Amino acid sequence: MTDFEPVIGLEVHAQLRTATKIFCGCPTTFGAPPNTNVCPVCLGLPGVLPVLNRTAVEYAVKAAVATGCRVNPRSLFARKNYFYPDLPKGYQISMYEQPLAEKGSVPIELEEPGGGERRKAIGLIRIHMEEDAGKLVHEGMPDSGTRSYVDFNRSGVPLIEIVSAPDISSPEEAHAYLTRLRSILVYLEVCDGNMEEGSLRCDANVSVRPRGAAAFGTRVEIKNLNSFRNVVRAIEYEIERQAEAVRSGGKVVQETRLFDADRGVTEPMRSKEEAMDYRYFPEPDLPPLLVETPWVEKIRVSLPELPAQRRERFAGALGLPPRDAAFLAADRPLADFFEEAARAAGNPRAAANWISSELIGRLNAARRGIAASPVRPSSIGALIRLIDDGTISGKIAKTVFDEMFESGAEPGAIVAARGLVQISDEGAILAAVDRVIAENPSQVETYRKGKAAALGWFVGQVMKATGGKASPAVVNRILKERLQG
């Protein structure tokens with residue numbers, strides 16, 4: 001698609017992790033029986049008045065400050081009018097002309113095909129607060145076709161909508177941006193980031209234009225993308241669909257589309273609404289939201305170290321390779337786990353290797369998160385110290401780690417119980433080396449004729465003869481001396 005370039009912006013809806021809804025005291029618990037977390041306020045019954053949840057405002061300000069936005073001292077809630085079965089009031093309380101925050105950015109990094117890294121900042125137009133709608137549940141009935149039900153438990157749950165600038169130039173950049181944004185929100189503990197439960201939802205605005213052109217093409221919105229993979233797939237499909245339409249002399253229609261994940265295509269949903277269609281006006285039941293500067297500054301100094309900062313520290317101060325640093329810093333529980341293991345080991349790179357290559361693979365296979373790891377960070381540190389002080393070899397350490405994962409036992413106890421202490425006694429190793437050399441004269445001749453790779457074969461035989469317990473460093477040194485002598 002070298003003749004066209006995409007222009008992409010994302011609208012991300014993040015559910016705030018408050019205990020109660022944004023304008024009433026109903027719980028926000030996910031998975032409750034339908035229509036049990038409801039009251040007259042979130043059902044929009046006549047005569048009720050909304051009362052703003054202060055914690056929701058605090059969480060929204062945290063997200064704004066962490067993404068470099070300017071928090072407006074005065075913002076207004078507005079009524080966004082539209083009819084849909086899951087919207088009990090016939091309008092949604094949102095923000096329009098005066099949002100909570102504006103003009104921030106989210107940094108992303110992308111690997112270049114030939115190696116290296118490209119960095120880019122994706123601008124944010126605004127962050128505003130709003131209430132969520134309910135949820136429609138569609139069920140097929142054998143006697144009378146499909147029936148639809150409405151669950152209002154989600155109605156009134158607090159959201160922030162984070163609107164990016166049209167700075168995203170590829171599906172890969174969209175994925176990197178969404179990944180980093182989710183990581184920031186989870187680090188802040190203002191959103192759990194669970195896309196499967198709907199805590200994080202994404203709408204993508206996509207257009208194409210001839211490469212190098214200044215004017216934007218006609219924009220199409222793709223609604224309710226619920227996974228990182230589907231965001232990428234939907235954008236890829238939509239870019240090609242629009243480019244093909246323009247190439248063939250047709251036009252791209254401004255509309256809202258849905259992504260069919262099974263077929264990998266987008267399909268028309270409705271014509272695209274504009275602001276006038278929603279008939280916005282200030283919410284008469286809520287006063288202006290006034291956010292004082294001292295409160296914003298108090299929130300700013302309370303922020304944790306964020307993913308980009310932690311990534312830089314892991315790569316700089318701890319000396320991790322950029323890819324390892326990015327992987328470990330992306331998730332706060334994983335980053336905390338790594339830091340504790342690195343302190344216990346006194347060897348950050350070894351801790352990173354054991355976590356990335358051994359622990360995460362086993363956790364993924366067992367469908368567990370890092371919080372459910374049977375291996376503690378201190379245990380990884382203890383295992384690395386056993387390797388570094390020569391008590392066990394790296395090969396034995398993997399056997400020990402297998403048992404640590406299965407039983408949760410400490411590495412020192414496993415080594416002692418199974419007699420796995422590494423043999424460093426040169427006399428014992430020398431005897432094993434001489435025996436292997438005596439039994440394999442042809443291999444000795446091969447090595448002495450210049451085939452240096454044969455040394456690895458001898459090392460393997462000596463390790464086998466010692467039950468894998470011999471110190472590899474001592475084995476290598478003695479073998480070289482005996483084979484060359």
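We now turn to the structure provided with this report. (Residues numbered from 1 in each chain as written. Predicted model: local features only at pLDDT ≥ 70, side-chain atom pairs only at ≥ 80, totals over all residues. Heavy atoms only, no water.)

**What to know about the environment of glycine 31**
Piece 1. For glycine 31, the location among the structural elements is in the loop between β1 (4-15) and α1 (54-66).
Piece 2. Spatially, the C-alpha atom of glycine 31 lies 9.0 Å from that of asparagine 153, the residues being 122 residues apart in sequence. (Helix = DSSP H or I, 4+ residues; strand = E, 2+ residues; numbered from the N terminus.)

**A closer look at the sheet that holds strand β15 (residues 281-282)**
Piece 1. Pairing within the open sheet is antiparallel, and its three strands lie in the order β5-β4-β15. Looking at the sheet topology across the chains shown, the edges are occupied by β5 (91-95) and β15.
Piece 2. Both strand β4 (residues 77-81) and β15 contribute to a ladder of two bridges, which runs antiparallel. The partner of alanine 78 across the bridge, within β15, is proline 282. (Pairing = 2+ DSSP bridges.)

**Observations concerning the side chain of arginine 180**
Piece 1. Tracing the sequence through the fold places arginine 180 in helix α2 (residues 171-188).
Piece 2. Owing to a relative accessible area of 11%, arginine 180 belongs among the buried residues under this scheme.
Piece 3. Polar contacts involving the side chain of arginine 180 include one to the side chain of glutamate 109, which spans 2.8 Å.
Piece 4. With residues near it in sequence (within four places) discarded, arginine 180 still touches Val106, Pro107, Glu109, Pro307, Ala308 and Arg311. (Buried < 20%, exposed > 50% of the residue type's maximum accessible area, 1.4 Å probe, protein only. Polar contact = N/O pair within 3.5 Å; in protein donor to acceptor, adjacent residues only side chain to side chain. Contact = heavy atoms within 4.5 Å.)

**Looking at the pairing of strand β13 (residues 255-260)**
Piece 1. In the sheet, strand β12 (residues 220-225) pairs with β13 via three bridges, with the strands oriented parallel. Each residue of the ladder has a partner; that of lysine 223, found in β13, is leucine 258.
Piece 2. One crossover worth recording links β12 to the parallel β13 by way of helix α3 (residues 228-247), and it is left-handed.
Piece 3. Of the pairings in the sheet, the one linking β13 to strand β14 (residues 265-271) comprises six bridges and is antiparallel in character. Across the sheet, arginine 257 pairs through a bridge with proline 268, a residue of β14.
Piece 4. The antiparallel pairing of β13 with β14 creates a hairpin that spans four residues between the two strands, and glycine 264 there sits at a positive phi of about 70 degrees. (Right-handed = clockwise from strand over helix to strand, strands pointing away.)

**Examining the sheet that holds β1**
Piece 1. Taken in spatial order, the nine strands make up an open sheet running β2-β6-β7-β10-β1-β11-β12-β13-β14, and their pairing is mixed. Strands at the two margins of the open sheet, each flanked by one partner only, are β2 (70-71) and β14.
Piece 2. Lying on the sheet, α3 is in contact with β1, β11 (200-210), β12, β13 and β14; it crosses β11 at an angle near 25 degrees. (Axes fitted to C-alpha atoms, helices over the stretch in contact; angles between N-to-C directions.)

**A few points about the nonpolar core**
Piece 1. Core analysis: the largest hydrophobic core is formed by 67 residues, its most contacted members being Leu10, Met129, Ile160, Tyr177 and Leu185.
Piece 2. No other element matches α1, which puts nine residues into this core.
Piece 3. Discounting chain neighbours no more than four positions away, the residues touching methionine 129 are Ile22, Ala56, Val57, Ala60, Phe77, Ser94, Met95, Leu100, Leu159, Ile160 and Leu289. (Core = buried A, V, L, I, M, F, W, Y, C linked by side-chain atoms within 4.5 Å.)

**Details of helix α10 (residues 377-388)**
Piece 1. Spanning 12 residues, α10 covers 17 Å between terminal C-alpha atoms, matching the ideal 16 Å at 1.5 Å per step.
Piece 2. Of the residues making up α10, those classed as buried are Pro377, Ser379, Ile380, Gly381, Ala382, Leu383, Ile384 and Leu386.
Piece 3. Those residues of α10 hidden inside the fold are in contact with α8 (332-345), α9 (348-365), α11 (394-407) and α12 (411-418).
Piece 4. The first or second residue beyond α10 is glycine 390, which carries a positive phi of 85 degrees. (Expected span 1.5 Å × (residues − 1).)

**Thoughts on the packing of aromatic side chains**
Piece 1. Summed over the entire model, instances satisfying the criterion amount to six aromatic pairs.
Piece 2. Arranged with centres 5.7 Å apart and planes meeting at 80 degrees, the rings of phenylalanine 23 and phenylalanine 77 form a pair that is edge-to-face. Here phenylalanine 77 lies in strand β4 and phenylalanine 23 lies in the loop between β1 and α1, a separation of 54 residues in the sequence.
Piece 3. By relative accessible area, which is 3% here, phenylalanine 77 ends up buried.
Piece 4. Seen in terms of ring centroids, tyrosine 82 and tyrosine 278 are 5.8 Å apart; in terms of plane orientation they differ by 70 degrees. Their pairing is edge-to-face. Residue tyrosine 82 is located in the loop between β4 and β5, and its partner tyrosine 278 is located in helix α4 (residues 275-278); the two are separated by 196 residues in the primary sequence.
Piece 5. Taking the relative accessible area as the measure of exposure, tyrosine 82 reaches 27% and is therefore partly exposed. (Phe/Tyr/Trp six-rings, centres within 6.5 Å; stacked < 30°, edge-to-face > 60°.)

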